[in-house]
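# Examination of the molecular architecture
If you want the building blocks of each chain, they are given just below.
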Amino acid sequence: MCLVADALGPSEAVLAAAVARRHLIDGESKVDLATSLGISRFKVARLLDAARESGMVRIEVVSPVGIDTDRSARLRDALGLEHCVVVPGSGAQADPGVSAAAAALLSEVVTDKDVLGLPWSRSVSRMVDALTSLPRIPVVQLSGAMVTPEEDSSSVDVVRRAARIAGGGRHVFYSPLLLDDAASAEVMRRQPPVREALDRVADVTLAVIGLGAWTPGTSTIHDVLKPADRKAVARSGAVGEAAGVFFDADGAVVDTPLTARIVGLTGEQLHGIRHVIGIAHGPDKVDAIAAAVKGDLIESLVTTADTADALLDLR
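The chain goes by DeoR family transcriptional regulator in an unreviewed UniProt entry, where it is assigned to Knoellia flava. Listed under Sequence similarities (unreviewed entry) in UniProt, the entry text for the chain is "Belongs to the SorC transcriptional regulatory family."

Listed below in structure tokens is the structure:
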């Protein structure tokens, strides 16, 4: 609070400053101030108004460390999201902040009535690393594993780590996310442990997913495929994927040549989850994020400032 006395006489400025400090900083009520200073409460109110109008009192809202509250509110309103958290920065340097913000948002919105669903995703794995607390709830695996040279964590490991924090049990299965052909994937889905775990997806009320664009370096699935398979998915209209569910520019779930080879939740099941938090950032993911929001695939978003600006520019 900055105090100046340009528009008030000297004695009134001193009195107004005292009233402003005691009311705005110390939390003293107007009635108590009036009694203490021997003036009416109406005079106290007039002094406060004069202090504001003269510039004696200046109020500044400061964002908490690690969150850009202004961008968060603007992007939430522009996209019609339930929650939106924008982290300062961009690129890989922002990853720790994004992970911490996603973990904090999950911890804030989850209740002891929820069933939490987690798929394989690099961003989800890093978010779980940042988690410190969850209510006693079950955690359900939403997809098979996609192990890459850069990551040594599988979807089973992601769910197990979250379940240890929650202490409410877990439902996991051992399977790759993507199999060589549709027949092999169907056989895998019929295996009792896989079938039983996937049956639990219907119980999931809250999920955290990563969003990938169908471009190099922005989707784990994209990067492990042969060029012909990548082109086939693109020809089907897919611009992005979430937990192995492909979607087009309008956010509609699309059936691709890979869909039958995926072991995980379906697009219908993803739509059936009450609250899905998406984690995604980077200029190459902007269109995919916008599509996922448009198609109601996610209700909340954690992203970075540069990505938020690009999304706002699309409006």
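So, on to the layout of surface pockets. Any space left empty among the atoms is revealed by the rolling of a water-sized probe across them. In this structure, the largest pocket spans a volume of roughly 620 Å³. Surrounding the largest pocket, 32 residues form its lining, Arg-122, Ser-123, Arg-126, Thr-218 and Lys-285 being those nearest its centre. When residues of the lining of the largest pocket are traced back to their parent elements, those giving at least two are helix H5 (95–109), helix H6 (122–130) and helix H10 (220–224). Partitioning the lining of the largest pocket into residue classes produces eleven nonpolar, 14 polar and seven charged.

This next bit is on the sheet that holds strand E1 (residues 83–87). Judged by pairing direction, the sheet is parallel, and its seven strands sit side by side in the order E1-E10-E9-E5-E2-E3-E4 without closing on themselves. Looking at strand neighbours, the two that pair on one side only are E1 and strand E4 (170–171), the edges of this open sheet. The pairing of strand E2 (residues 116–118) with strand E5 (residues 206–210) spans two bridges and is parallel. If you follow Leu-116 over to E5, its bridge partner there is Leu-206. The strands touched by H5 within the sheet are E1, E2, E5, strand E9 (275–279) and strand E10 (300–304), with E1 carrying the most contacts at an inclination of about 155°.

Aromatic ring pairs: the centre-centre distance and the angle between the two ring planes describe each pair. Scanning the model with the defined rule gives one aromatic pair in all. Taking the centre distance of 5.5 Å and the plane angle of 80° together, the rings of Trp-214 and Phe-246 count as edge-to-face. Here Trp-214 is found in the loop between strand E6 (212–213) and H10, whereas its partner Phe-246 is found in strand E8 (residues 245–247), with 32 residues between them in sequence.

This next bit is on the sheet that holds strand E7 (residues 240–242). Strand order in the open sheet made by the three strands is E6-E7-E8, with antiparallel pairing throughout. Whereas interior strands pair on both sides, the edge strands pair on one side only; in this sheet they are E6 and E8. Sheet contacts for helix H13 (residues 286–294): E6, E7 and E8; angle to E8, the most-contacted strand, approximately 95°.

This model, assessed by the stated rule, comprises 15 salt bridges. Ionic pairing is found between Asp-49 and Arg-52, a salt bridge with its closest N-O pair at 3.8 Å. Taken together, the residues Asp-49 and Arg-52, both in helix H3 (residues 41–53) and three residues apart, mark about one turn of the helix. Of the charged contacts in the structure, one is a salt bridge between Asp-250 and Lys-294, with a shortest N-O distance of 2.9 Å. In this pair, Asp-250 is assigned in the loop between E8 and helix H12 (267–272) and Lys-294 in helix H13, connecting sequence segments 44 residues apart. Since its relative accessible area comes to 55%, Lys-294 is described here as exposed. Each of the salt bridges in this network shares a partner with another, and the network as a whole consists of Asp-68, Arg-71 and Asp-309.

For H5, spanning 15 residues, the distance from its first C-alpha to its last is 21 Å, which sits close to the expected 21 Å at 1.5 Å a residue. Turning to H5, its buried residues number three or more, namely Val-98, Ser-99, Ala-101, Ala-102, Ala-103, Leu-105, Leu-106 and Val-109. The inward-facing, buried residues of H5 abut E1, E2, H6, E5, E9 and E10.

This part takes up the confidence of the model for the chain. Summing up the model confidence of the chain, the mean pLDDT is 90 and the portion of residues at 70 or higher is 94%. Throughout residues 1–6 the model reports pLDDT below 50, and contacts reaching past four residues in sequence, or to other chains, amount to 18 contacts.

Orientation of helix H1 (residues 10–25) relative to helix H2 (residues 30–37), taken along the N-to-C sense of each, is 140°, at an axis distance of 10 Å. Here H1 is positioned oblique relative to H2, judged by the angle of their axes. For the crossing formed where H1 meets H2, the hand is right-handed. Where H1 abuts H2, its residues Leu-15, Val-19, Arg-22 and His-23 lie against Lys-30, Leu-33, Ser-36 and Leu-37.

Let us look at unusual backbone geometry. A positive phi angle, close to 55°, is found at Ala-243, a residue other than glycine. Relative to the assigned elements, Ala-243 resides in the loop between E7 and E8. Positive phi is not limited to glycine here, since Asp-296 has a value of about 60°. Mapped onto the elements, Asp-296 comes out in the loop between H13 and E10.

Their axes nearest at 8 Å, the elements H5 and H6 cross at an angle of 70°. Relative to H6, the element H5 lies roughly perpendicular. As H5 runs across H6, the sense of the crossing is right-handed. Residues Asp-95, Ser-99, Ala-100, Ala-102, Ala-103 and Leu-106 of H5 form the contact with H6, whose participating residues are Arg-126, Met-127 and Ala-130. Looking at side-chain class alone, the contact of H5 with H6 contains six nonpolar, one polar and two charged residues.

The rules behind the values
- Residues numbered from 1 in each chain as written.
- Predicted model: local features only at pLDDT ≥ 70, side-chain atom pairs only at ≥ 80, totals over all residues.
- Heavy atoms only, no water.
- UniProt positions renumbered as here; feature names shortened; annotations may be inferred.
- 1 Å grid on protein atoms, 1.4 Å probe; cavity = no way out; pocket = protein on both sides within 12 Å on 5 of 7 lines; lining within 4 Å.
- Points joined across faces, edges and corners; volume = space filled by probe spheres on them.
- Helix = DSSP H or I, 4+ residues; strand = E, 2+ residues; numbered from the N terminus.
- Nonpolar A, V, L, I, M, F, W, Y, C, P; charged D, E, K, R; others polar.
- Pairing = 2+ DSSP bridges.
- Contact = heavy atoms within 4.5 Å.
- Axes fitted to C-alpha atoms, helices over the stretch in contact; angles between N-to-C directions.
- Phe/Tyr/Trp six-rings, centres within 6.5 Å; stacked < 30°, edge-to-face > 60°.
- Salt bridge = Lys/Arg side-chain N within 4 Å of Asp/Glu carboxyl O.
- Buried < 20%, exposed > 50% of the residue type's maximum accessible area, 1.4 Å probe, protein only.
- Expected span 1.5 Å × (residues − 1).
- pLDDT = per-residue confidence, 0-100.
- Parallel < 35°, antiparallel > 145°, perpendicular 65-115°, else oblique.
- Left-handed = near helix turned anticlockwise from the far one by under 90°.

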